[in-house]
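The chain contents come next:
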Amino acid sequence: MPMRHMYTIPPNDIDWTVPRDGESRFQWEYDEGRGRLLTLYQKGKDRQWDSVERIDWSLEVDPLNPIGLPDALVPIAGSPAWERLSDERRAMVKQHIQAWQLSQFLHGEQAALVCSARIVDTVPNLDAKFYAATQTMDEARHAETYARFLTEKVGMLYPITDPLSRLISDTLSDSRWDMPYLGMQVLIEGLALAAFGVYRDIAPQGSLAKQLLTYIMQDEARHVAFGRIALKDSYADMTSMELAEREDFVIEGCHLMRDRLRGPEIWEHLGMDVKECTEIVDASEMMRGYRSYLFSRIVPVVKDIGLWSPRVQDTFREMGVLSMADADAEAMSRDDERIAEELDGARRAEVETTIDAGK
Ligand SMILES: [Fe+2]
Ligand SMILES: [Fe+2]
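The rules behind these values
- Along each chain, the written sequence defines residue order, and numbers are assigned to residues from 1.
- Chain A is the first chain written and ligand 1 is the first ligand written, with later ones labelled in order.
- Local features in this predicted model are restricted to residues whose pLDDT is 70 or higher, and side-chain atom pairs enter the listing and the counts only when it is 80 or higher, whereas totals over whole chains, interfaces and linings include all residues.
- Side-chain numbers come from the whole structure's heavy atoms, not from hydrogens or water.
- The term salt bridge refers to a side-chain nitrogen of Lys or Arg lying within 4 Å of a carboxyl oxygen of Asp or Glu.
- Put simply, DSSP H or I for four residues or longer makes a helix, DSSP E for two residues or longer makes a strand, and each gets a number counted from the N terminus.
- Every angle, taken between N-to-C directions, lies between 0 and 180 degrees, and every axis is a line fitted to C-alpha atoms, over only the stretch in contact when it is a helix.
- When describing relative orientation, an angle under 35 degrees is termed roughly parallel and one over 145 degrees roughly antiparallel, while 65 to 115 degrees is termed roughly perpendicular and anything else oblique.
- Should the near helix be turned anticlockwise from the far one by less than a right angle, the crossing is left-handed, and should it be turned clockwise, the crossing is right-handed.
- Any two residues whose heavy atoms approach within 4.5 Å at even a single point are treated as in contact.
- In this classification, the charged set is Asp, Glu, Lys and Arg, the nonpolar set is Ala, Val, Leu, Ile, Met, Phe, Trp, Tyr, Cys and Pro, and all remaining amino acids, among them Gly, are polar.
- Only protein atoms enter the 1 Å grid, on which a cavity is a set of points fitting a 1.4 Å probe that cannot get out and a pocket is an open set with protein on both sides within 12 Å along at least 5 of 7 lines, lining residues being those with an atom within 4 Å of a point.
- Grid points are joined across faces, edges and corners, and a volume is the space filled by probe spheres set on the points.

Novice: Pulling in residues and values, what's your account of the pattern of salt bridges?
Specialist: Taken as a whole, this structure holds 35 salt bridges when the rule is applied. We note a salt bridge from Arg-47 to Glu-337, for which the minimum N-O separation is 3.6 Å. Here Arg-47, found in the loop between helix H1 (35-46) and helix H2 (51-54), pairs with Glu-337, found in helix H15 (residues 329-358); they are 290 residues apart in sequence, far enough to count as distant. Each member of the salt-bridge network shares a partner with another, and the members are Asp-174, Arg-176, Asp-178, Glu-245 and Arg-246.

Here it is, written out as structure tokens:
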């Protein structure tokens, strides 16, 4: 079936354009790179992988429950709206939640592809252009991987949500070179990374979803580090007025992302009571924990790059995520890389055992 027929709700248009202006920048000095960025660039080149080879696409996937979502992580589970559903309808709710979430991952990856290419174009420093070029290739591979998983294994897609498309268009239509970093590398990628982590950790050992999420997260660890290094350097030299503008962007962006987590289109599409389900989701203890966990990758980075005025702290406090400021973002990234290496090791050992058994 062609992909466009897999959309539960047909997108308004298959093409989407975001108008922009700004400048393409060049630098003629080729030997002035910052050590940390060039190291990251080298790592980006060394760690490229091909999903055709690295992921075992022959693994079977249950299209109704592609990631193995437990009932406990369905935001309406246990509520009257859930109790009223038959087993079949409950399975359908779980299928749609996963298709919706994976679709947002896919659309987000395409946006990351466009944003990192934009950084290559507009960032003033050559070391950052070099690094962003490797990230552009990473994001193309991620979009390719999610698209294949959704079309071959899930067979269902949701269009991009309004809050996510608004944040992407705010990020891309701004002509200042640091905005794609702030919007994409810090906010959208930070949130996505935490969400990937939740799904990676619940996906059963040996499943296709586990492989795909683990390997994608290995790359994302570099992307977050890139945003942090580049912005920390340049924000240290900004005036308080310029910093205040960046803070406004972060505050608005975090509100949009919190709203993105609601997913009213799922209830609407399934013919359920949207108001009732949204209220349940907003009041759900599980969702409160999930929401604050999702900000665990954003809040420490915002603090680290120096956008830490009382206004920003108040926003995070009001959202119930201020305590995430002390989370160790670097340690989380190191963990993501280690988990991917361990998965590779375990899969290699499995192949060797199979070969030995065949001898
Ligand atoms: Fe990505
Ligand atoms: Fe990324």
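Novice: Could you give me a rundown of the packing of helix H8 (residues 208-235) against H15, with the residues and numbers involved?
Specialist: Contact geometry for H8 and H15: axes closest at 9 Å, N-to-C directions at 150°. The orientation of H8 relative to H15 falls into the category roughly antiparallel. Pair H8 / H15 crosses with left-handed handedness. Each of Lys-210, Gln-211, Thr-214, Tyr-215, Met-217, Gln-218, Ala-221, Arg-222 and Arg-228 in H8 lies in contact with H15, whose residues at this interface are Ala-329, Glu-330, Ser-333, Asp-336, Glu-337, Ile-339, Ala-340, Glu-341, Leu-343, Asp-344 and Arg-347. Among the residues making up the contact of H8 with H15, the classes are represented as seven nonpolar, four polar and nine charged.

Novice: Can you explain the layout of surface pockets? Please cite residues and give values.
Specialist: Size it by volume and the largest pocket reaches roughly 1000 Å³. Lining the largest pocket are 29 residues, with Asp-13, Ile-14, Trp-16, His-107 and Ile-160 sitting closest to its centre. Secondary structure elements with two or more residues in the lining of the largest pocket: helix H4 (87-122), helix H5 (126-154) and helix H6 (162-173). No other element matches the six residues that H4 contributes to the lining of the largest pocket. Among the residues forming the lining of the largest pocket, the class breakdown is 17 nonpolar, five polar and seven charged. In this model, the second largest pocket occupies a volume close to 410 Å³. Ala-225, Arg-228, Ile-229, Glu-330 and Ser-333 are, among the 19 residues lining the second largest pocket, the residues nearest its centre. Going through the elements one at a time, H1, H8, helix H13 (299-304) and H15 are the ones with two or more residues in the lining of the second largest pocket. Considered class by class, the residues forming the lining of the second largest pocket number seven nonpolar, two polar and 10 charged.

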